[in-house]
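# Structure assessment
Residue strings, one per chain:
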Amino acid sequence: MRGRLLPVLPALLLVVGLLIGLLTPRDVRPDAFLATAMVSAAALLPLWGTVLIGVGACAVFVGLMVDFNSLGDAIAYSELATLAAIAAFSVFFNRLLGRRAHQLVQVRSVAEAAQMAVLHPVPRDLGHVTLESLYLSAAAEARIGGDLYAAMPTPYGVRLLIGDVRGKGLLAIYTAATLLSAFREAAHDAPDLPYLACRLETSMRRHAAQYPGLPGSEIAERFITALLAEIPDDEPVVRTVTCGHPPPLLLHHGEVRELQAAAPSPPLNLGMLVNGGYHVDLAPFQPADQLLLYTDGVTETRDRSGTFYPLTERVRSWSGEAPHQLLDHLHRDLIAYSGGELDDDIAVLIAWRRSSR
């Protein structure tokens, strides 16, 4: 509503200036309102609107000069000249803002293309698995941040990755891109999930070692929580390896339960803390079941009272929905719950096992 009223503000100020000139004593000048109308028009209106407000403000002042018989008043002409100068400056300022806005659109287009190259769209159908994804960036200027997900068809079934890079900004996006590239390369060849996790750990350690001198780039400051999942084509199960990441949710016949890791491993890039290798958790994954993977931006979303988002409870009421409908419910509910102010990036990936044909 406020956004719709803002373009009317310059004209409203112009009318207020006219009324002040007509209804107040002669020594009360409406110059400030007229000048404010022109400057606000430069910021809120297109070029033609700015020119129209500028001409209108000068015309109002000339009309008041005639009404007050001030055509021989040198001070009035001085004030008119000042208003004309402000009108000219407003037009220049409007053109400058327009040029900057055009440049910003171009920069955002390039940034969006680069970000899409990092976070590839997830294929909707992979074998017997249907996938749906959701990504919400806390930064209005960005489409992606440090959260990430990927899905790959492999000889061992569909393999999924979801992760969350500690930190913000370009370094987090670069780290996410490195992990995604490593996953896409290794997912096809790794014989099992522990070996895949080792490959990703090695890649991230090499990545961290390349930039030891950058602010905020110390190894301990750049870990990545991650969850690897494998859905084989010929077995009704799902295998997972957890590296410091929130547990996925399994939706089965209206029931929702967390798949807690029996022996979770540290986040990636902290592999020196792994003792005895990576542990694989196994859970039934029948046709029509859904697996919901998410980053902690979901569960750490707060309402106005500071209460965390009750993900399991909310998802339970939508468990009978198709994956895309469930994500639509979740998307709208997160925005409403947070009051439209997300504090962290959010990534969600849903895998639905279809019946064999």
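Note: the structure precedes this text.
So, a few notes on the structure that sits alongside this text. Just so it is clear, the model here is predicted, and its values are computed rather than measured.

### Describing the layout of surface pockets
Space inside the largest pocket adds up to approximately 230 Å³. Looking at the largest pocket, it is lined by 13 residues, and the ones nearest its centre are Thr 301, Arg 302, Glu 341, Leu 342 and Asp 343. Partitioned by chemical class, the residues of the lining of the largest pocket number 2 nonpolar, 4 polar and 7 charged.

### Quick word on the pairing of strand S6 (residues 237-243)
Burial analysis of S6 places 6 of its 7 residues in the buried class, which makes it a mostly covered element. Judged from the 4 bridges that link them, strand S5 (residues 224-231) and S6 form a sheet pairing that is antiparallel. Residue pairing in the sheet places Glu 230 in a bridge with Arg 239 of S6. Inspection of the sheet shows S6 paired to strand S9 (residues 281-284) by 4 bridges, in the antiparallel sense. By the bridge assignment for S9, Arg 239 is matched with Leu 282.

### Some points on the nonpolar core
Counting residues in hydrophobic clusters, the biggest one holds 26 residues, and the most contacted among them are Leu 161, Leu 179, Phe 183, Leu 196, Leu 200, Leu 228 and Leu 268. Broken down by secondary-structure element, the contributors of at least two residues to this core are strand S3 (147-154), strand S4 (157-165), helix H6 (169-186), helix H7 (193-210), S5 and S6. In terms of residue count, H6 provides more of this core than any other element does, 7 residues in total. In contact with Leu 179, other than residues within four places in its own chain, are Leu 148, Leu 161, Leu 200, Met 204, Ile 224 and Leu 268. Membership of the second largest hydrophobic core comes to 23 residues, among which are Tyr 135, Leu 160, Ala 229 and Ile 231.

### Describing the pattern of salt bridges
Inspection of every chain in the model, using the stated rule, returns 6 salt bridges. The salt bridge partner of Asp 333 is Arg 314, with a shortest N-O separation of 2.6 Å. One end of the pair, Asp 333, is in helix H10 (residues 323-337); the other, Arg 314, is in helix H9 (residues 311-316), and 19 residues separate them in sequence. What you see here is one network of salt bridges that share partners, running through Arg 159, Glu 230, Glu 235 and Arg 239.

### Describing the state of the cysteines
Throughout the structure, instances matching the rule amount to 0 disulfides. With no disulfide partner, Cys 198 has as its closest neighbouring cysteine sulfur the one in Cys 243, 9.1 Å distant.

### Quick word on the sheet that holds strand S8 (residues 255-258)
Strand order in the open sheet formed by 6 strands is S1-S2-S11-S10-S7-S8, with antiparallel pairing between adjacent strands. Among the strands making up the open sheet, the edge pair consists of strand S1 (125-126) and S8. Across 4 bridges, the pairing between strand S7 (residues 249-252) and S8 is antiparallel. Opposite His 252, over in S8, you have Glu 255 as the bridge partner. The strands touched by H10 within the sheet are strand S2 (129-136), S7, strand S10 (290-294) and strand S11 (346-353), with S2 carrying the most contacts at an inclination of about 15°.

### Section: a nonpolar patch on the surface
There is a patch of nonpolar side chains on the surface, built from Leu 6, Val 8, Leu 9, Leu 12 and Leu 44 and spanning about 400 Å² of accessible area. With respect to the helices, strands and loops of the structure, Leu 12 is situated in helix H2 (residues 9-23).

### Concerning the packing of H2 against helix H3 (residues 31-44)
At their nearest, the axes of H2 and H3 sit 8 Å apart, and the two run at 170° to each other. When the axes of H2 and H3 are compared, the pair comes out roughly antiparallel. Contacts from Leu 9, Pro 10, Leu 13, Leu 14, Val 16, Gly 17 and Ile 20 of H2 reach H3 at Phe 33, Leu 34, Thr 36, Ala 37, Ser 40, Ala 41 and Leu 44. When its residues are assigned to classes, the contact of H2 with H3 shows 11 nonpolar, 3 polar and no charged.

### Details of the environment of Val 237
Turning to its location among the elements, Val 237 is positioned in strand S6. Relative accessible area serves as the criterion here: at 14%, Val 237 is assigned to the buried category. Considered as a pair, Val 237 and Ala 283 are 46 residues apart in the sequence and their alpha carbons are 5.6 Å apart. Dropping the residues within four chain positions of it, Val 237 is found in contact with Glu 230, Ile 231, Pro 232, Leu 282, Ala 283, Pro 284, Phe 285 and Arg 353.

### Describing the packing of H3 against helix H4 (residues 47-67)
Where H3 meets H4, the closest approach of the two axes is 8 Å, and the angle between their N-to-C directions is 170°. Between H3 and H4, the angle is such that the two are roughly antiparallel. Across from Asp 31, Leu 34, Ala 37, Met 38, Ala 41 and Ala 42 in H3, the residues of H4 making contact are Thr 50, Ile 53, Gly 54, Ala 57, Val 60 and Phe 61. Taken together, the residues of the contact of H3 with H4 sort by class into 9 nonpolar, 2 polar and 1 charged.

### Some thoughts on the sheet that holds S4
The 5 strands are arranged S3-S4-S5-S6-S9 in an open sheet whose pairing can be described as antiparallel. Where the open sheet ends on each side, the last strands, each with one partner, are S3 and S9. Adjacent strand axes in the sheet meet at a mean angle of 20°, parallel and antiparallel pairs treated alike. Both S4 and S5 contribute to a ladder of 8 bridges, which runs antiparallel. From the neighbouring strand, Gly 163 faces S5, where its bridge partner is Ala 226.

Conventions used here
- Every chain is numbered independently, its residues counted from 1 as its sequence is written.
- Per-residue local features of the predicted model are confined to residues with pLDDT of at least 70, and side-chain atom pairs are confined, for both listing and counting, to 80 or more; whole-chain, interface and lining totals are unaffected and use all residues.
- Side-chain figures throughout are based on the complete set of non-hydrogen atoms in the structure, without hydrogens or water.
- The pocket and cavity definitions rest on a 1 Å grid over protein atoms only: a 1.4 Å probe that fits but cannot leave marks a cavity, an open set with protein on both sides within 12 Å along at least five of seven lines marks a pocket, and residues lining either have an atom within 4 Å of a point.
- Grid points are joined across faces, edges and corners, and a volume is the space filled by probe spheres set on the points.
- Charged means Asp, Glu, Lys or Arg here, nonpolar means Ala, Val, Leu, Ile, Met, Phe, Trp, Tyr, Cys or Pro, and polar covers whatever is left, Gly included.
- The classification of residues rests on relative accessible area computed with a 1.4 Å probe and restricted to protein chains. Under 20% of the type maximum is buried, over 50% is exposed, and intermediate values are partly exposed.
- Helix numbering and strand numbering both begin at the N terminus, where a helix is a DSSP run of H or I of at least 4 residues and a strand a DSSP run of E of at least 2.
- We call two strands paired when DSSP finds no fewer than two bridges between them.
- Among buried residues, those of type Ala, Val, Leu, Ile, Met, Phe, Trp, Tyr and Cys that are joined through side-chain atoms within 4.5 Å constitute a nonpolar core.
- Should any heavy atoms of two residues lie within 4.5 Å, those residues are counted as being in contact.
- Here, a salt bridge means any Lys or Arg side-chain nitrogen found within 4 Å of an Asp or Glu carboxyl oxygen.
- Throughout, a disulfide means two cysteine sulfur atoms within 2.5 Å of one another.
- Helix axes use the C-alpha atoms of the stretch in contact, all axes being lines fitted to C-alpha atoms, and the angles between their N-to-C directions lie in the range 0 to 180 degrees.
- Candidate patch residues must exceed 30% relative accessible area and have no salt bridge, after which like charges are joined if within 9 Å and Val, Leu, Ile, Met, Phe, Trp or Tyr side chains if within 5 Å.
- Areas reported as accessible are Shrake-Rupley estimates using a 1.4 Å probe. Residue values count occlusion only from the protein chains shown.
- Each angle gets one of four labels, with under 35 degrees taken as roughly parallel, over 145 as roughly antiparallel, 65 to 115 as roughly perpendicular, and the rest as oblique.

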